Amino acid sequence: MRQFTARFATPEEIEAWDSHVTANPNGGNMLQAKAYAAVKAEHGWKPLYLAYETADYTSFNLVLEKQVPLLGKYWYMIKGPDVASPDDLPGIFEANRRFCQEQARGVFAIRIEPDVEATDDTRALLARENLVKMPDLQPNDHTAIVDIAPDPEVVLKSFSSRGRNAVRRAIREGAEVVTAEPTEENFRAMFNLMGQVQQGQKNVQVRSFDYFKAFWGNFIAAGQGRLLFTYEDGKPSVGAFVVNYGRKGTYKDGGSLPRRKQYGDSHLIQWTAMNQLKELGITSYDLCGTPPASELKNPEHEYYGLGLFKTSFTKTITDFVGCYDQVISPLKYKLWSAAGEKIARGLYVRRRHQPFY
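Residues numbered from 1 in each chain as written. Predicted model: local features only at pLDDT ≥ 70, side-chain atom pairs only at ≥ 80, totals over all residues. Heavy atoms only, no water.

Visitor: Explanation requested: the pairing of strand S3 (residues 58–68) in the structure shown.
Guide: With respect to burial, S3 is a largely interior element, nine of its eleven residues being buried. Where strand S2 (residues 46–53) lies against S3, eight bridges are found, and the strand directions are antiparallel. Bridge pairing in S3 links Glu-53 to Thr-58. Between S2 and S3, which pair antiparallel in sequence order, lie four residues. As paired strands, S3 and strand S4 (residues 72–77) are joined by five bridges and run antiparallel to one another. The residue bridging Leu-64 from the neighbouring strand is Tyr-76, located in S4. Hairpin remark: S3 followed by S4, antiparallel, with three residues in the connecting loop; positive phi at Leu-70, about 75°. (Buried < 20%, exposed > 50% of the residue type's maximum accessible area, 1.4 Å probe, protein only. Helix = DSSP H or I, 4+ residues; strand = E, 2+ residues; numbered from the N terminus. Pairing = 2+ DSSP bridges.)

Written out as structure tokens, the structure is:
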């Protein structure tokens, strides 16, 4: 097991934060970006910037902190830690324990969410660490990831016949994808398209327009995002917000009008995004959210329809390990688990009308 030390990043490292995160062993994650930290800072979280050092590499990870009355500080290491191997996770956990005892006092628990694939071995490793398994928070803890490194024709041929035919027909019939300007009008149009998709979905807490406006605007301003539309009758009919971060692309948000006339427009917008990202040196494209592999054919799953669409681009579903809590203070964590988290989430939702996480 590698030994790690934890520390807060220096001001110089924070200034160049994205370059450090994207140099992590797995290339980081868009939810560790400085643009995202700025969004969360306006929605109840304090961004912290941590560096984990071992003999042959340093891993930079964004941590979101909430102050919980009577209990102390709760940390959310969103989509982290980023490690070279799952075997490095115990070293990170030990570094967390020491760091919270010596420098970050008052932290009673740390929620982790590493982009480590769920296998029997990784589940057993995490079980040995006495972590507490928690429900998934991010939609792409189960997802479809397309390898876009090969030539475009090779990538297109890797799609299912339904996916290929949809792209080719949309092109043949003159469908067009436009990169939209980051205006209030276009952001409103995108938000409305997302609302069309979310209608009727169960267990969906919709964030505010202001949240998405800040997210989209921050990533576009950083050169890490783009908004794509197709149009019918002069109005946006399909929308996609796509992130480029390091060598990874992500289909972050999407929406569409029902009963559209143009066949294949939703496939074409994804194909266009992939080709634009490829020109930026992106090698993988995360379609951001499917059912788990074991639930892919379950029509009752809330992401069943999304799974059908996204597996037309790749048949492979990637299941990550999801969320676990590392307990720092057992007594305070017991109170948090018994009632604290439920109360904190309820109060936050009532006050802010936004999801807690």
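Visitor: Is there a simple way to think about the packing of helix H7 (residues 161–172) against helix H10 (residues 265–279) in this case?
Guide: Two measures define how a pair of helices packs: the angle their axes make with one another and the distance between the axes. Running from N to C, H7 and H10 point in directions that differ by 90°, and their axes come no closer than 8 Å. As judged from the angle between their axes, H7 and H10 are roughly perpendicular. Facing Arg-162, Gly-163, Ala-166, Val-167, Ala-170 and Ile-171 of H7, the residues of H10 in contact are Asp-265, His-267, Leu-268 and Trp-271. Its residues assigned to classes, the contact of H7 with H10 shows six nonpolar, two polar and two charged. (Axes fitted to C-alpha atoms, helices over the stretch in contact; angles between N-to-C directions. Parallel < 35°, antiparallel > 145°, perpendicular 65-115°, else oblique. Contact = heavy atoms within 4.5 Å. Nonpolar A, V, L, I, M, F, W, Y, C, P; charged D, E, K, R; others polar.)

Visitor: What am I meant to see in the side chain of Glu-13 here?
Guide: As for its placement among the helices and strands, Glu-13 is situated in helix H1 (residues 11–15). Excluding residues within four positions of it along the chain, Glu-13 makes contact with Arg-7, His-20 and Phe-60.

Visitor: Would you take a moment to explain the sheet that holds S4 for this structure?
Guide: Either a parallel or an antiparallel arrangement is found when strands of a sheet pair, and the pairing is made through backbone hydrogen bonds. Taken in spatial order, the seven strands make up an open sheet running S1-S2-S3-S4-S5-S14-S6, and their pairing is mixed. Of all the strands in the sheet, the pair left with one neighbour each is strand S1 (5–8) and strand S6 (132–134). Neighbour-to-neighbour, the strand axes of this sheet turn through a mean angle of 30°, independent of strand direction. Running over the sheet, helix H4 (residues 89–102) touches S1, S2, S4, strand S5 (107–112) and strand S14 (323–327) and is turned about 55° from S1. Running at roughly 70° to S5, helix H12 (residues 330–352) makes contact with S3, S4, S5, S6 and S14 of the sheet.

Remember, this is a structural readout, not a statement about activity or role.
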